[in-house]
Amino acid sequence: MEAFKTIISKAAPLTLENVDTDQVIPARFLKSTTRDGFGENLFRDWRFNADGSVKEDFILNKVSDATILLAGKNFGCGSSREHAAWAIHDYGFKVVVSSFFADIFKNNALNNGLLPVQVSDEFLKTLFEAIEQNPETKFKVNLETQLINIEGTDKSETYAINPYKKHCMINGLDDIDFLISKMKSIEKFEQKATA
């Protein structure tokens, strides 16, 4: 997993609320068991017409250089498919910001190197307003300090994250990498237990 400390980026604003995982990555595209290639079908039915042509008015077809997805409340609800986090990350997003995440989506995101930043309803509105006023607005997400702010302003908010997942993301570790990093301690424990 790629180490994560700070991201400074524009954000793609997806103002819709209650976006479920089938909207993030439709079930008909869940034929692979590897994480690669899901990004091309991220929000497939919103990004493309039935004939495969691009829907010009959908936000992801307008903003191509953002690594932050700014989403409406209750993002990632619905089924527990891990593929939703895979698709968002494979598309190029490193952070998803919302005022509420479904628990399973939040855990899937953290397990796959995608940082879910949960902010207050009021601050989410402030973030959307900043983009509305200037689509080139950049945001800074600092994992070490657990702070998100609008670049060039004093508008910021802290966010919570599980300390274990924070450690893993900062150090670029997935759960298996973390266990391997503790191998010597595990071996010492096993030696004591069998002595």
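Just so it is clear, the model here is predicted, and its values are computed rather than measured.

What counts, and where the lines are drawn
Residues numbered from 1 in each chain as written. Predicted model: local features only at pLDDT ≥ 70, side-chain atom pairs only at ≥ 80, totals over all residues. Heavy atoms only, no water. 1 Å grid on protein atoms, 1.4 Å probe; cavity = no way out; pocket = protein on both sides within 12 Å on 5 of 7 lines; lining within 4 Å. Points joined across faces, edges and corners; volume = space filled by probe spheres on them. Helix = DSSP H or I, 4+ residues; strand = E, 2+ residues; numbered from the N terminus. Nonpolar A, V, L, I, M, F, W, Y, C, P; charged D, E, K, R; others polar. Patch = residues over 30% accessible without salt bridge, like charges linked within 9 Å, V, L, I, M, F, W, Y side chains within 5 Å. Areas by Shrake-Rupley, 256 points an atom, 1.4 Å probe, with all protein chains shown as cover. Salt bridge = Lys/Arg side-chain N within 4 Å of Asp/Glu carboxyl O. Core = buried A, V, L, I, M, F, W, Y, C linked by side-chain atoms within 4.5 Å. Buried < 20%, exposed > 50% of the residue type's maximum accessible area, 1.4 Å probe, protein only. Contact = heavy atoms within 4.5 Å.

### Observations concerning empty space enclosed by the protein
Working step 1: The final tally for this structure, using the stated rule, is 1 cavity of 30 Å³ or more.
Working step 2: Its boundaries defined by the atoms lining it, the largest cavity holds a volume of some 40 Å³.
Working step 3: Along its surface, the largest cavity is lined by Met 1, Leu 110, Asn 111, Lys 165, Cys 168, Met 169, Leu 173, Asp 174 and Asp 175.
Working step 4: Ranked by residue count, the leading element in the lining of the largest cavity is helix α6 (residues 163–171), at 3 residues.
Working step 5: When its residues are assigned to classes, the lining of the largest cavity shows 5 nonpolar, 1 polar and 3 charged.

### Brief notes about a nonpolar patch on the surface
Working step 1: Judged by side-chain polarity, Ile 176, Leu 179, Ile 180, Met 183 and Ile 186 come together as a nonpolar surface patch covering roughly 460 Å² of accessible area.
Working step 2: Of all the secondary-structure elements, those providing two or more residues to the nonpolar patch are α7 (175–181) and α8 (183–194).
Working step 3: Broken down by element, the nonpolar patch gets its largest block of residues, 3 residues, from α7.
Working step 4: Along the chain, the position of Leu 179 falls in helix α7.

### Structural notes on the nonpolar core
Working step 1: If you look at the biggest cluster of nonpolar residues, it comprises 29 residues, and the most contacted ones within it are Phe 43, Phe 75, Ile 88, Phe 93 and Phe 105.
Working step 2: A per-element tally of this core places helix α3 (residues 83–91) first, with 5 residues.
Working step 3: In this structure, Phe 43 is in contact with Leu 14, Val 19, Gln 23, Val 24, Phe 58, Leu 60, Leu 69 and Phe 75, ignoring residues within four places of it in sequence.
Working step 4: Judged by nonpolar contacts, the second largest core, of 26 residues, contains Phe 4, Ile 7, Ala 11 and Phe 128.

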